[in-house]
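# Descriptive structure summary
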Amino acid sequence: VQNSVDRNRANGMLKRLTDFVLAAAALVFLLPVLLPLAIAIRLSDGGPALYKQRRIGRDGKEFKCFKFRSMVVDSDVRLQQLLETDPMARKEWQATQKLENDPRITPFGQFLRKSSLDELPQLINILKGEMSIVGPRPIVQNEVEKYGDYFAHYCQVRPGLTGLWQVSGRSDTSYGERVLLDVQYVSDWSYMGDIKIIAMTVPAVLMSDGAR
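In short, a report on the structure. Since the model is a prediction, treat every value here as computed from it, not as a measurement.

Here is what the cut-offs are and how they apply
- Residues numbered from 1 in each chain as written.
- Predicted model: local features only at pLDDT ≥ 70, side-chain atom pairs only at ≥ 80, totals over all residues.
- Heavy atoms only, no water.
- Buried < 20%, exposed > 50% of the residue type's maximum accessible area, 1.4 Å probe, protein only.
- Helix = DSSP H or I, 4+ residues; strand = E, 2+ residues; numbered from the N terminus.
- Arc of directions from axis to C-beta.
- Pairing = 2+ DSSP bridges.
- Contact = heavy atoms within 4.5 Å.
- Salt bridge = Lys/Arg side-chain N within 4 Å of Asp/Glu carboxyl O.
- Disulfide = S-S within 2.5 Å.

### Comments concerning helix α4 (residues 107-115)
Buried within α4 we find Gly109, Leu112 and Arg113. In an axial view of α4, the angular spread of the buried residues amounts to 95 degrees, which keeps them on one side of the axis. Positive backbone phi, at 65 degrees, marks Ser116, one or two positions downstream of α4.

Structure follows, in structure tokens:
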């Protein structure tokens with residue numbers, strides 16, 4: 001039993017070290033891309049370049065998740081108005097927490113999402129130890145009930161920038177399938193499994209596989 005505990009601790013330390021090194025290297029390498037993107041978003045409508053949203057992390061603790069802003073500044077208000085007046089949109093949102101034709105997304109935001117560039121600021125969350133390179137996607141509070149008893153699995157690891165769900169179709173999978181993929185990832189976790197997912201992420205992003 002002690003050997004198993006020590007092995008798990010060592011694997012956890014290796015995962016965290018890999019996260020830090022890759023995130024730091026990526027931020028330095030991508031700086032010439034990140035700065036122009038931030039300026040372009042700022043100039044598009046005068047709003048902030050970064051969007052910060054409370055998400056649930058390891059052990060159920062909340063943290064502020066960073067993304068490049070891809071929506072209009074008053075997106076929360078517009079979403080509420082849409083859900084109150086459009087039954088079909090409300091049904092879609094309740095089922096998937098997404099909208100096929102989301103009126104809140106800006107034209108430049110469409111490009112950011114299609115290319116997954118909006119996710120890059122989460123490298124900062126990884127450096128801070130709030131996220132990992134690989135793990136379940138970070139969820140918001142009202143998604144907890146969708147996990148049911150499986151929420152305990154979600155809380156066992158740090159949420160990830162990429163993961164098994166992202167390389168398995170992303171938005172083309174149902175929410176229930178996403179939950180099961182998260183459970184599978186946590187249950188079958190291995191360091192080499194993370195390396196495989198990272199390798200699979202590159203072609204998935206380039207082909208915009210299931211992106212929305």
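### Some details on the pairing of strand β1 (residues 50-56)
Of the strand pairs in this sheet, β1 and strand β2 (residues 62-68) are connected by 7 bridges, and their pairing is antiparallel. From the neighbouring strand, Lys52 faces β2, where its bridge partner is Phe66. Taking the residues that link successive antiparallel strands as the turn, the β1-β2 hairpin has 5 residues, and the phi of Asp59 there is positive, at about 60 degrees.

### Details of the environment of Ile41
For Ile41, the position within the fold is in helix α1 (residues 2-45). Taking the C-alpha atoms as reference points, Ile41 and Gly109, 68 residues apart in sequence, are found 8.4 Å from one another. Discounting residues that sit within four places of it in the chain, Ile41 has contacts with Gly47, Pro48, Ala49, Phe68, Arg69, Phe108 and Leu112.

### Structural notes on the pattern of salt bridges
As enumerated under the stated definition, the model contains 10 salt bridges in all. Two residues, Lys67 and Asp118, come together in a salt bridge whose shortest N-O distance is 3.4 Å. Residue Lys67 is located in strand β2, and its partner Asp118 is located in the loop between α4 and α5 (122-127); the two are separated by 51 residues in the primary sequence. One exposure class covers both Lys67 and Asp118, and it is buried. Glu143 is the partner of Arg178 in a salt bridge, and the nearest nitrogen-oxygen pair spans 3.9 Å.

### Overview of unusual backbone geometry
Of note, Asp59 is a non-glycine position whose phi angle comes to about 60 degrees, a positive value. Among the structural elements, Asp59 can be located in the loop between β1 and β2. Taking the relative accessible area as the measure of exposure, Asp59 reaches 56% and is therefore exposed. The backbone of Ser116 sits at a positive phi, close to 65 degrees, despite the residue not being glycine. Mapped onto the elements, Ser116 comes out in the loop between α4 and α5. Take Ser116: its relative accessible area is 11%, and that puts it in the buried class.

### So, the state of the cysteines
In the structure shown here, the tally under the stated rule is 0 disulfides. Cys65 carries a free sulfur, and the closest cysteine sulfur to it, the one in Cys155, is 15 Å from it. Overall, the relative accessible area of 12% leaves Cys155 in the buried class.

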